[in-house]
Amino acid sequence: MENEKNNLADGGALHLRFGNHLRRLRTAQNLTQEQLAERSGLSVDAIRRIERGAFSPSLETLAKLTEGLDVSLKTLFQTFEREKSDRVAEICDFLSNRSGRDVQLVWRVVRAMFEER
């Protein structure tokens, strides 16, 4: 717990870690900074500054980033803490925007895949 407090107290390092995390999420989706800016309704300069750790995003900016990346806030922060992608959370985010019928279809396919084993 003490170590976690020390990590949070060093805001500059936290900004840089978050910036690197955002860059990894963006590049994992093959998005340029310009594309993420357009999709999120932010300026390219804001994206660049966040990725460099020079800017601490507000809650509103974080919400816009999640829209641009098509992930939930929960996924954004879970993957930040782990510093690796959580595929289950990504699948849930993906399915949350789909119809009930699509979700049912995916469930049947996944279940069938593992019943075969």
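Scroll up to find the structure this text is about.
Here we summarise the structure given alongside this text. Throughout, residues of each chain are indexed from 1 in the direction in which the sequence is written. Residues qualify for local features only when their pLDDT is at least 70, as the model is predicted, and side-chain atom pairs are given and counted only at 80 or more; totals for whole chains, interfaces and linings, by contrast, use all residues. In computing side-chain values, all of the structure's heavy atoms are included and hydrogens and water are not.

**Brief notes about the packing of helix α3 (residues 33-40) against helix α5 (residues 59-69)**
The geometry of α3 relative to α5 is characterised by a closest axis approach of 7 Å and an angle of 110° between their N-to-C directions. The angle between α3 and α5 places the two elements in the roughly perpendicular class. Considering the relative orientation of α3 and α5, their crossing is right-handed. Contact residues: Leu 36, Arg 39 and Ser 40 in α3; Lys 64, Leu 65, Gly 68 and Leu 69 in α5. Under the scheme applied here, ten amino acids are nonpolar (Ala, Val, Leu, Ile, Met, Phe, Trp, Tyr, Cys and Pro), four are charged (Asp, Glu, Lys and Arg), and all others, including Gly, are polar. A class-by-class count of the residues in the contact of α3 with α5 yields three nonpolar, two polar and two charged. Each axis is a line fitted through C-alpha atoms, taken for helices only over the stretch in contact, and angles between the N-to-C directions span 0 to 180 degrees. Strands here mean DSSP runs of E at least two residues long; helices mean DSSP runs of H or I at least four residues long; both are numbered from the N terminus. Roughly parallel means an angle under 35 degrees; roughly antiparallel means over 145; roughly perpendicular covers 65 to 115; every other angle is labelled oblique. Should the near helix be turned anticlockwise from the far one by less than a right angle, the crossing is left-handed, and should it be turned clockwise, the crossing is right-handed. A contact between two residues is defined here by any heavy atoms of the two lying within 4.5 Å.

**Quick look at the pattern of salt bridges**
Salt bridges are identified by distance alone: a Lys or Arg side-chain nitrogen within 4 Å of an Asp or Glu carboxyl oxygen. If you walk through the whole model with that rule in mind, you get six salt bridges. A salt bridge links Glu 115 to Arg 111; the nearest nitrogen and oxygen atoms lie 3.9 Å apart. Within this pair, Glu 115 and its partner Arg 111 are both found in helix α8 (residues 100-115), separated by four residues, close to a single helical turn. A residue is classified by how much of its surface remains accessible, and Arg 111, at 38% relative accessible area, is partly exposed. In this structure, a network of salt bridges that share partners links the residues Arg 23, Arg 26 and Glu 51. Between buried and exposed lies partly exposed: a residue is buried under 20% and exposed over 50% of the maximum accessible area for its type, with that area taken using a 1.4 Å probe on protein chains only.

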